[in-house]
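A structural walkthrough
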Amino acid sequence: MQPSKEREASDGDPMDDLDDLLDDDLADGEGDDGSTADATAETEGVARTGAGGGKSGGGRVGMDGRWFSAKSFAIALVAVGIGVFAGGAIPLIGGTIGSAAGVFLAAFLVGLIFSTRRYAETGLAGAAAGAGTAVTSVLGVGFLPIGVDYLQQWGLPLLAVGGGLGLVLALLGHYFGRDLRAGLTEDIGG
């Protein structure tokens, strides 16, 4: 936001603020003085970096979007999938508890590795893994027709609970991973 718009927006209607922001974004950041969106973002303290640390395309959603990145989602989905598989393969703990621990640990590592916040991607990957684990655990127990009948009766609540648990675990894991990354990368003030 440009300084003249900040003064106008501070005493006006909140919807005017939103309109100004949308106008700036729709105009691809071109202001009256010809400044680009990157210069405006730097003055606001908003970093536009993708998962790899390079400049993103400037979009919100896409391959390297600021709000949702397909590349980051693919990486998070693979990491969470490996975590679910590895957690489920633990001999004594395995199963649902091991898979849930795998979602948390994989999201923790994604949060630790990525330099930007990727809560949407990691949360969606965790929700998908939780829902998939819930369905496969029902189908894997007992006789297949009984599992299919159970899914017909309780499938949607089961998906909601499994997906919700996966979402919460992934978001918590990503948060703690980002917190550790921030603690490791900050300078110690004296």
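For clarity, every value in this text was computed on a predicted model and none was experimentally measured.

Right, let's get into the overall build of the protein. Helix and strand content of the protein: seven helices and two strands. Helices and strands appear in the protein in the N-to-C order α-α-α-β-β-α-α-α-α. Looking at the protein residue by residue over its 190 residues, the buried ones come to 31%. When the accessible surface of the protein is split by element, carbon and sulfur atoms take 66% of a total near 11,700 Å².

Tracing the sequence through the fold places Glu121 in helix H6 (residues 119-139). Judged by relative accessible area, Glu121 falls into the buried class, the value being 1%. With residues up to four places along the chain from it excluded, the contact list for Glu121 reads Trp67, Phe68, Ser69, Ser72, Phe73 and Ala76.

The next thing to look at is the side chain of His174. When you line up the elements, His174 lands in helix H7 (residues 144-185). The buried category is assigned to His174, whose relative accessible area is 0%. Not counting chain neighbours up to four residues away, the residues in contact with His174 comprise Ala107, Phe108, Val110, Gly111, Arg117, Arg118, Tyr119 and Thr122.

On to the packing of aromatic side chains. For the coordinates displayed, the defined rule picks out three aromatic pairs. Ring geometry for Phe68 and Phe73: centres 5.7 Å apart, planes at 40°, overall tilted. One aromatic cluster is present, formed by Phe104, Tyr175 and Phe176 through successive ring pairs.

What follows concerns H7. Given 3.6 residues per turn, any residue in an α-helix points the same way as the ones three and four places further on. Its 42 residues give H7 an end-to-end C-alpha distance of only 50 Å, which falls more than 12% under 62 Å, the value for a rise of 1.5 Å per residue. Along its length, H7 shows its largest kink, about 80°, at Trp154, and proline Pro157 lies within four residues downstream of that point. Taken as a whole, H7 has its buried residues at Gly147, Gly155, Leu158, Gly162, Gly163, Gly166, Leu169, Ala170, Gly173, His174 and Gly177.

This part is about H6. Here H6 contains 21 residues, and its C-alpha end-to-end distance of 30 Å stays within 8% of the 30 Å for a straight helix at 1.5 Å per residue. Every buried residue belonging to H6 is among Glu121, Thr122, Gly123, Ala125, Gly126, Ala127, Ala129, Gly130, Ala131, Thr133, Ala134 and Val138, and all of these are buried. Looking at the packing, one finds that the buried side of H6 touches strand E2 (68-69), helix H4 (70-88), helix H5 (95-113) and H7.

Okay, the nonpolar core next. Core analysis: the largest hydrophobic core is formed by 10 residues, namely Ala76, Val80, Val84, Val103, Ala106, Ala107, Ala125, Ala129, Leu169 and Ala170. For this core, the secondary structure elements donating two or more residues are H4, H5, H6 and H7. Non-local contacts of Ala129, meaning those with residues more than four positions away in its chain, are made with Val80, Val84 and Val103.

To continue, consider the packing of H4 against H5. Their axes nearest at 7 Å, the elements H4 and H5 cross at an angle of 145°. Considering the relative orientation of H4 and H5, their crossing is right-handed. Side by side, H4 and H5 meet where Ala76, Ala79, Val80, Gly83, Val84, Gly87 and Gly88 of the first sit next to Gly95, Gly98, Ser99, Gly102, Val103, Ala106 and Val110 of the second. Tallied by class, the residues present in the contact of H4 with H5 amount to seven nonpolar, seven polar and no charged.

Turning to a nonpolar patch on the surface, a few remarks are in order. Together, Ile90, Leu92, Ile93 and Ile97 line one region of the surface with nonpolar side chains, adding up to about 470 Å² of accessible area. When you line up the elements, Leu92 lands in the loop between H4 and H5. Note on Leu92: relative accessible area 84%, which makes it exposed.

In this section: the confidence of the model for the protein. Per-residue pLDDT for the protein averages 74, and the proportion of residues at 70 or more is 65%. The model gives residues 4-10 a pLDDT under 50, and that stretch makes four contacts with residues more than four places away or in other chains. In the model, residues 28-56 has pLDDT below 50 throughout and makes 40 contacts with residues more than four positions away in sequence or in other chains.

The rules behind each value
- All residue numbers refer to position in the chain's written sequence, counted from 1.
- Only residues with pLDDT of 70 or above have their local features reported here, since the model is predicted, and side-chain atom pairs are shown and tallied only from 80 upward, although totals for entire chains, interfaces and linings are computed over all residues.
- Values shown for side chains rest on all heavy atoms present in the structure; no hydrogens or waters enter the calculation.
- Strands here mean DSSP runs of E at least two residues long; helices mean DSSP runs of H or I at least four residues long; both are numbered from the N terminus.
- Each residue's exposure class comes from its accessible area (1.4 Å probe, protein chains only) as a fraction of the maximum for that residue type: buried when under 20%, exposed when over 50%, partly exposed otherwise.
- Computed with the Shrake-Rupley method and a 1.4 Å probe, the accessible areas treat only the protein chains shown as cover for residues.
- Contact between two residues is taken to exist if any of their heavy atoms lie within 4.5 Å; hydrogens are not considered.
- Working definition: rings of Phe, Tyr and Trp (its six-membered ring) pair if their centres are within 6.5 Å, and the pair is stacked with planes under 30 degrees apart, edge-to-face with planes over 60 apart, and tilted otherwise.
- Any helix carries an expected span of 1.5 Å times its number of residues minus one.
- The seven residues ending at a residue and the seven starting there each receive a fitted axis; the angle between those axes is the bend at that residue.
- Residues belong to one nonpolar core when they are buried, are Ala, Val, Leu, Ile, Met, Phe, Trp, Tyr or Cys, and are joined through side-chain atoms within 4.5 Å.
- In this analysis, axes come from line fits to C-alpha atoms, helices being fitted only over the stretch in contact, and the angle between any two N-to-C directions falls in the range 0 to 180 degrees.
- It is the rotation of the near helix from the far one that decides the hand of a crossing: anticlockwise by less than a right angle makes it left-handed, clockwise makes it right-handed.
- Each residue gets one of three labels, nonpolar for Ala, Val, Leu, Ile, Met, Phe, Trp, Tyr, Cys and Pro, charged for Asp, Glu, Lys and Arg, and polar for the others, Gly among them.
- Without a salt bridge and with relative accessible area above 30%, a residue can belong to a patch; like charges are then joined within 9 Å and nonpolar side chains (Val, Leu, Ile, Met, Phe, Trp, Tyr) within 5 Å.
- Definition used for salt bridges: Asp or Glu carboxyl oxygen within 4 Å of a side-chain nitrogen of Lys or Arg.
- pLDDT gives the predictor's per-residue confidence on a scale running from 0 to 100.

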